[in-house]
Amino acid sequence: MPRAPRNILLSLGGITAIALLATACSTPEAAGTEPTAGGTLVYASGDAEPVCLDPHVGGNYPQALISTQYLESLVSKNKDGEVLPWLATEWEESEDGLSWDFSIRDDVNFTDGTPLNAEAVKANIEHLKDPATASSTGYLAVGKIDTMDVVDEFTLRLNLSTPDSGLLDSFSQPWVAIESPTALQRSQEENCASPVGTGPFVVDEWVKQDHVTLIRNEEYNSAPQDAAHDGTAWLDSIKWRFIPDSASRYAALQTGDVDVIDNAQPDSIAASAAADTGITELNAPRPGASNRIELNSGKAPFNDERVREAFIRSADVNDGIQSLFFGTAERSYSVLSSVETYGLSAPEYFDVDLDAANTLLDEAGWTERDSDGYRVKDGQRLSLDFPISTNQSIPAEQSLFEQIQATTKLAGFEVTLHPLDLSSWYGMLFTNDYNLVSAPYTKVGPDVLRILYHSDAIVPAPSGYYANLAQLSDPELDRLLTEASEVSDPTLRGELYDQAQEIVLGGYYVLPLYDQQNHYLYGSAVNGLRALPTVFTPTFYDTWLSR
Amino acid sequence: MKVLAWLLARVGGGVFVLWAVATLIFFGLRMIPGDPAQALLGGPGSNASQEALDQVRRDYGLDQPVMVQYLVMLGRLATGQFGTSYSLKVGVAELIGEQFWGTLLLTVLSLTLAWLLALGLATWASRGGRAGRMVGSGMEIVAAAVPHFWLASLFILLFSTTLHWLPPISVPGPLGLVLPVFTLAIPLAGFLGQVMRESLADALESPFALSARARGESETGVRWRHAIRHAALPGISLSGWAFGSLLSGAVVVETIFARPGLGRTLLNAVALRDIPVVTGVALVSALAFIVVTTATDAIDRIADPRLRAS
């Protein structure tokens with residue numbers, strides 16, 4: 001490529017040529033901006049290896065990461081959070097909000113040759129709702145869909161049990177992506193190993209614990225509106241590797257054995273930014289809830305608002321974030337991710353004030369201190385259990401929890417940290433055996449607030465997962481969240497969500513920390529990488545390699 | 001006759017060990033808190049409904065009483081059925097079959113390299129007199145004490161990111177094996193070397209070494225033809241144990257170097273409470289351990305006739 005412009009420049013001659021040449025020299029990448037097709041990109045994921053490549057089954061972030069490459073959703077979102085048509089071209093909500101008509105693209109085929117149409121979409125929603133699928137995230141997303149009518153070949157009507165203002169948000173998620181109905185009829189084992197979609201890549205091979213090979217879909221024609229080009233992807237294939245150790249993952253990026261890594265740790269990000277490594281960072285915070293510590297208000301001592309406030313007033317978070325995250329994470333004062341338009345940030349509730357904390361604890365009756373400096377009431381120490389999932393909290397975050405433990409001790413709190421593997425961690429939550437907990441939750445849109453803080457989400461333990469880990473039970477909050485989930489008017493919706501978040505933050509149920517950390521690092525050969533603005537998984541459709 | 005009795009005793013002992021391992025794992029995984037059904041439904045960030053949880057519990061028999069589940073499992077194992085992985089939905093035998101050879105290659109190469117390093121160090125140190133023995137012993141103690149994860153990180157920093165000689169992650173071909181094998185071999189070599197050096201020193205001062213020297217045998221000849229056999233005996237006996245320690249070391253090494261294998265399979269399976277996989281991997285490891293210790297005992301009996309007499 002560089003040769004062509006130079007020949008032209010030489011023939012021009014004179015000052016113009018020199019000026020142009022100077023411009024060309026000062027921006028060397030200008031000559032290489034023309035994408036080149038071909039090559040295999042190696043991606044290294046630090047997230048768990050999915051147990052199933054079909055994100056309808058279960059439904060977590062590792063599945064979203066990889067399925068973004070081969071499955072597509074009904075709608076997408078652009079950088080500003082506006083909903084874009086994707087496999088659905090248009091949609092219309094009925095006056096009463098109880099039915100939606102979706103027009104489906106009529107020119108798209110799944111990679112097994114099955115045509116995309118209204119029947120295919122219907123089959124997907126049925127698949128998500130079928131208990132045998134064992135869908136979790138996708139199941140919730142389509143929870144309000146009652147019945148479906150195929151109006152004509154490319155029009156599907158959804159009849160809802162109650163209006164759902166979050167329906168388009170839900171449909172933008174990779175866990176509700178559309179798969180070939182023919183492929184869905186295979187056994188679950190088969191479909192997990194090779195799900196079939198309409199995306200720019202196709203699942204070719206899965207070598208367990210090593211890699212998944214994705215190859216280009218040569219028939220691809222359904223790029224989202226905000227993509228940089230049309231037609232097929234540039235890359236021939238992607239080798240999707242699983243490298244659990246963060247230091248090895250970063251080393252492999254440095255040596256060029258891999259091109260892109262996810263779950264980049266704060267020290268690696270800082271190191272790659274400080275040195276001339278040719279490594280670039282893509283910071284793409286996840287939507288939905290921020291990373292936060294929930295205070296279990298369902299039992300003592302946090303059933304007393306004064307004790308909750310005292311804890312939050314004595315927890316010094318900012319210094320810990322500064323030192324442990326090397327400036328790669330920004331403090332959040334909101335329960336929603338900063339990419340959510342309806343997020344309310346309220347720093348005033350989170351000023352550190354040890355005197356205020358001490359006064360509050362005195363008022364709440366925790367007046368004595370034992371020989372270790374912890375507060376005592378009626379012979380009981382002010383002890384808090386904090387189970388930590390080592391599968392979900394990175395080392396820097398675990399150190400931050402230790403800092404919080406140290407600073408709240410000054411006010412007289414005894415925080416016991418329990419680092420646990422995933423199953424044991426769930427075990428402590430289900431048996432209500434916790435006072436503090438940090439649990440990630442990724443979902444598109446503010447309706448995540450209803451999942452996390454509506455009192456319906458306090459299912460009596462030990463029956464299973466409940467998302468309302470703060471055990472917040474407030475009828476006024478329930479009313480606001482339910483109403484907000486049913487009104488589509490943006491202004492009214494915003495007001496309702498503001499009031500709801502005011503209750504959650506002002507009641508000291510939650511200590512927000514930062515956005516869910518989602519940092520990608522990539523080598524100098526990688527061009528045109530972006531994160532899809534739905535759940536900020538990378539998409540390699542526009543990506544090409546210069547090497 | 002004696003050999004047959006010995007073999008039968010070993011087989012009987014082996015079966016007992018396998019039963020004990022299966023039982024310990026079954027009840028051990030149920031004692032620690034945690035719900036396999038929840039982990040099965042995607043774990044972090046996913047929000048399983050009650051219906052989905054119930055369905056999974058029914059599908060996997062998790063709604064049955066614990067003793068029933070235990071007996072069902074024993075019955076299956078007795079007939080050679082390892083069951084299906086909760087999380088990966090594939091046959092456990094098939095899964096282990098895929099992952100076994102990678103780990104076997106890793107452990108066998110590491111054991112071989114550890115032997116070479118230990119023998120090399122022991123003979124080298126025995127040559128250097130008192131000072132040589134002290135340096136050798138110091139090196140062995142350090143080598144035996146370094147944790148695998150630390151050694152692996154050091155190797156990656158030195159040979160991958162700084163010198164660019166070797167890949168930090170597994171790649172096809174022998175190149176990707178170098179760092180994992182050295183990581184596993186060095187601590188083991190330190191341990192084996194400590195044991196061997198003592199008996200080597202004893203052997204070099206024993207009457208038969210003296211008589212060999214008197215016959216005009218060179219010092220190297222004495223070392224390699226006579227003394228090494230004695231030095232190797234405790235090493236052979238310990239190789240069965242060493243093999244077991246390599247299998248546990250594989251968990252760390254396979255994770256750090258992103259190698260597929262039984263160690264990583266086990267780690268993931270424990271995190272997900274994937275009981276059939278944990279049981280299967282543990283049984284296969286125990287079986288491998290039993291086979292290797294039996295083999296080393298047999299080699300011992302051949303190498304040292306005194307054992308056969310007793």
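Residues numbered from 1 in each chain as written. Chains lettered and ligands numbered in written order. Predicted model: local features only at pLDDT ≥ 70, side-chain atom pairs only at ≥ 80, totals over all residues. Heavy atoms only, no water.

1. A look at the pairing of strand β17 (residues 383-389) of chain A
Residue and element names in this part refer to chain A.
Phase 1 of the analysis: Within β17, 5 of the 7 residues are buried, which leaves it mostly tucked inside the rest of the structure.
Phase 2 of the analysis: The sheet contact formed by β17 and strand β18 (residues 414-420) spans 7 bridges and is parallel. The residue bridging D385 from the neighbouring strand is T416, located in β18.
Phase 3 of the analysis: Crossover handedness for the path β17 to helix α14 (residues 395-409) to β18: right-handed. (Buried < 20%, exposed > 50% of the residue type's maximum accessible area, 1.4 Å probe, protein only. Helix = DSSP H or I, 4+ residues; strand = E, 2+ residues; numbered from the N terminus. Pairing = 2+ DSSP bridges. Right-handed = clockwise from strand over helix to strand, strands pointing away.)

2. What to know about the domain arrangement of chain B
Residue and element names in this part refer to chain B.
Phase 1 of the analysis: According to the domain assignment, chain B contains domain 1 (1-79) and domain 2 (92-307).
Phase 2 of the analysis: Each partner contributes residues to the interface: domain 1 has 16 residues there, and domain 2 has 15 residues.
Phase 3 of the analysis: Interface area for domain 1 against domain 2, summed over the two sides, is near 1600 Å², with a carbon-plus-sulfur share of 76%.
Phase 4 of the analysis: Ranking the residues of domain 1 by area buried against domain 2 places W6, R10 and L29 at the top, with a combined share of 35%.
Phase 5 of the analysis: Counting every contact that joins domain 1 to domain 2 gives 1 salt bridge.
Phase 6 of the analysis: Of the charged contacts, one joins R10 and D297 as a salt bridge, the two residues approaching to 2.4 Å between their closest N and O atoms.
Phase 7 of the analysis: For the pair domain 1 and domain 2, the number of links is 1 residue pair in polar contact (both at pLDDT 80 or more).
Phase 8 of the analysis: If you list the elements that add at least two residues to the side of domain 1 that touches domain 2, you get α1 (2-31), α2 (36-40) and α4 (66-78). (Domains from an automatic or database assignment. Contact = heavy atoms within 4.5 Å. Buried area = accessible area lost by both parts, 1.4 Å probe. Salt bridge = Lys/Arg side-chain N within 4 Å of Asp/Glu carboxyl O. Polar contact = N/O pair within 3.5 Å; in protein donor to acceptor, adjacent residues only side chain to side chain.)

3. Topic: the packing of aromatic side chains
Phase 1 of the analysis: One pass over the structure, following the stated rule, counts 23 aromatic pairs over all chains.
Phase 2 of the analysis: Centroid distance A:W100 to A:F102: 6.1 Å. Interplanar angle 20°. Geometry classified as stacked. One exposure class covers both A:W100 and A:F102, and it is buried.
Phase 3 of the analysis: Here the aromatic rings of A:Y342 and A:Y497 are separated by 5.8 Å at their centres, their planes lie at 45°, and the arrangement is tilted. Remark: A:Y497 occurs in helix α18 (residues 490-506) and A:Y342 occurs in the loop between α12 (318-324) and α13 (354-363); sequence separation between them is 155 residues. For the residue pair A:Y342 and A:Y497, the accessibility class agrees, reading buried in each case.
Phase 4 of the analysis: Among the aromatic side chains, those forming a connected cluster through ring pairs are A:W91, A:W100, A:F102 and A:F171.
Phase 5 of the analysis: Over the ring of B:F26 we find B:R30; its NZ or CZ atom is 3.8 Å from the centre of that ring. (Phe/Tyr/Trp six-rings, centres within 6.5 Å; stacked < 30°, edge-to-face > 60°. Lys NZ or Arg CZ within 6 Å of the ring centre and 35° of its normal.)

4. Examining the sheet that holds strand β6 (residues 145-152) of chain A
All names here are of chain A.
Phase 1 of the analysis: Pairing within the open sheet is antiparallel, and its 4 strands lie in the order β4-β5-β7-β6. Of all strands in the sheet, those with a lone pairing partner are β4 (88-93) and β6, marking the two edges. Ignoring which end each strand starts from, the neighbouring axes of this sheet average 20° apart.
Phase 2 of the analysis: Sheet analysis places β6 next to strand β7 (residues 155-160), joined by 6 bridges and oriented antiparallel. Along β7, the bridge assignment pairs D149 with R157. (Axes fitted to C-alpha atoms, helices over the stretch in contact; angles between N-to-C directions.)

5. Notes on the domain arrangement of chain A
Residue and element names in this part refer to chain A.
Phase 1 of the analysis: Along its sequence, chain A is carved into domain 1 (40-279 + 523-545) and domain 2 (285-517).
Phase 2 of the analysis: Three residues stand out in domain 1 for area buried against domain 2, namely S165, P266 and F536, and they jointly supply 28% of the buried area on that side.
Phase 3 of the analysis: Taken together, the connections running from domain 1 to domain 2 amount to 6 residue pairs in polar contact (both at pLDDT 80 or more).
Phase 4 of the analysis: Broken down by secondary-structure element, the contributors of at least two residues to the side of domain 1 that touches domain 2 are α6 (167-171) and α10 (266-274).
Phase 5 of the analysis: For the side of domain 1 that touches domain 2, the element with the highest residue contribution is α10, accounting for 4 residues.

6. What to know about the UniProt feature "domain: ABC transmembrane type-1" (unreviewed entry) in chain B
Phase 1 of the analysis: What UniProt calls "domain: ABC transmembrane type-1" (unreviewed entry) maps, in this numbering, to residues 100-300 of chain B.
Phase 2 of the analysis: Secondary structure content for residues 100-300 of chain B is 84% helix and 0% strand, and the end C-alpha separation is 27 Å. (UniProt positions renumbered as here; feature names shortened; annotations may be inferred.)

7. Details of the interface of chain A and chain B
Phase 1 of the analysis: The interface is formed by 45 residues belonging to chain A together with 48 residues belonging to chain B.
Phase 2 of the analysis: For the pair chain A and chain B, the summed buried area comes to about 3900 Å², and 57% of that belongs to carbon and sulfur atoms.
Phase 3 of the analysis: Of all residues in chain A, A:V51, A:K208 and A:Q209 give up the largest surface area on contact with chain B, accounting jointly for 17% of the area buried on that side.
Phase 4 of the analysis: At the junction of chain A and chain B, the tally comes to 1 salt bridge.
Phase 5 of the analysis: With a shortest N-O distance of 3.2 Å, A:D421 and B:R273 are connected by a salt bridge.
Phase 6 of the analysis: Inspection of the region where chain A meets chain B yields 9 residue pairs in polar contact (both at pLDDT 80 or more).

8. Quick look at the UniProt feature "domain: Solute-binding protein family" (unreviewed entry) in chain A
Phase 1 of the analysis: The sites that carry the UniProt feature "domain: Solute-binding protein family" (unreviewed entry) are, in the present numbering, residues 82-450 of chain A.
Phase 2 of the analysis: From the first C-alpha to the last, residues 82-450 of chain A spans 21 Å; its make-up is 28% helix and 22% strand.

9. Focus on the state of the cysteines
Residue and element names in this part refer to chain A.
Phase 1 of the analysis: Under the defined criterion, the tally for this structure stands at 1 disulfide over all chains.
Phase 2 of the analysis: Linked covalently through their sulfurs, C52 and C192 form a disulfide whose S-S length is 2.1 Å. Disulfide C52-C192: torsion about the S-S bond near -90°, hence left-handed. Of this pair, C52 sits in the loop between β1 (40-45) and α3 (61-67) while C192 is found in helix α8 (residues 188-193), placing the two residues 140 residues apart along the sequence. Of the two residues, C52 and C192, both sit in the buried class. (Disulfide = S-S within 2.5 Å.)

10. Quick look at the pattern of salt bridges
All names here are of chain A.
Phase 1 of the analysis: Enumeration according to the criterion identifies 24 salt bridges over all chains in this entry.
Phase 2 of the analysis: We note a salt bridge from D372 to R381, for which the minimum N-O separation is 2.8 Å.
Phase 3 of the analysis: On the basis of relative accessibility, which here comes to 45%, the residue D372 falls in the partly exposed class.
Phase 4 of the analysis: Overall, the relative accessible area of 28% leaves R381 in the partly exposed class.
Phase 5 of the analysis: For the salt bridge of R450 with D447, the shortest nitrogen-to-oxygen distance reads 2.8 Å.
Phase 6 of the analysis: Three or more residues are tied together by salt bridges with common partners; here these are D370, D372, R381 and E414.

11. A few points about the sheet that holds strand β20 (residues 510-514) of chain A
All names here are of chain A.
Phase 1 of the analysis: If you trace the 3 strands from one edge of the open sheet to the other, you get β19-β13-β20, paired in antiparallel fashion. Looking at the sheet topology across the chains shown, the edges are occupied by β19 (436-437) and β20.
Phase 2 of the analysis: Bridge count for strand β13 (residues 291-295) against β20 is 4 bridges, and the pairing is antiparallel. Each bridged residue has a counterpart across the sheet, and for N291 the counterpart in β20 is Y514.

12. With respect to the UniProt feature "transmembrane region" (unreviewed entry) in chain B
Residues and elements named next belong to chain B.
Phase 1 of the analysis: The positions that UniProt labels "transmembrane region" (unreviewed entry) are, in the present scheme, residues 7-29, 100-125, 137-159, 171-192, 231-257 and 277-299.
Phase 2 of the analysis: With 68% helix and 0% strand, residues 171-192 has its two end C-alpha atoms placed 30 Å apart.
Phase 3 of the analysis: Helix makes up 96% of residues 231-257 and strand 0%, with an end-to-end C-alpha separation of 34 Å.

13. Describing a negative patch on the surface
Residue and element names in this part refer to chain A.
Phase 1 of the analysis: The grouping of E348, D351, D353, D355, D489, E495, D498 and E502 at the surface amounts to a negative patch.
Phase 2 of the analysis: Element by element, the count of residues in the negative patch is highest for α18, at 3 residues.
Phase 3 of the analysis: As for its position among the elements, D498 is in helix α18.
Phase 4 of the analysis: Residue classification places D498 among the partly exposed positions, given a relative accessible area of 36%. (Patch = residues over 30% accessible without salt bridge, like charges linked within 9 Å, V, L, I, M, F, W, Y side chains within 5 Å. Areas by Shrake-Rupley, 256 points an atom, 1.4 Å probe, with all protein chains shown as cover. Lys, Arg positive; Asp, Glu negative; His and termini not counted. Charge placed at Lys NZ, Arg CZ, Asp CG, Glu CD.)

14. So, the confidence of the model for chain A
The predicted structure's coordinates, where accompanied by low pLDDT, should not be read in detail.
Residue and element names in this part refer to chain A.
Phase 1 of the analysis: Of all residues in chain A, 93% have pLDDT values of 70 or greater, and the mean over the chain is 91.
Phase 2 of the analysis: Across residues 1-31, where pLDDT falls below 50, the model places 7 contacts with residues more than four positions away in sequence or in other chains.
Phase 3 of the analysis: Within the model, the stretch residues 460-464 combines pLDDT values under 50 with 11 contacts to residues more than four positions away or in other chains. (pLDDT = per-residue confidence, 0-100.)

15. Structural notes on the packing of helix α7 (residues 148-162) of chain B against helix α10 (residues 219-256) of chain B
Residue and element names in this part refer to chain B.
Phase 1 of the analysis: Two elements in contact, α7 and α10, have axes whose closest approach is 9 Å; the angle formed by their N-to-C orientations is 30°. Comparing the axis directions of α7 and α10 gives the class roughly parallel. The two elements α7 and α10 cross, and the hand of that crossing is right-handed. Contacts between α7 and α10 involve H148, F149, A152 and I156 on the former and, on the latter, G249, V252, V253 and I256.
Phase 2 of the analysis: Of the residues in the contact of α7 with α10, the class split is 6 nonpolar, 2 polar and no charged. (Parallel < 35°, antiparallel > 145°, perpendicular 65-115°, else oblique. Left-handed = near helix turned anticlockwise from the far one by under 90°. Nonpolar A, V, L, I, M, F, W, Y, C, P; charged D, E, K, R; others polar.)

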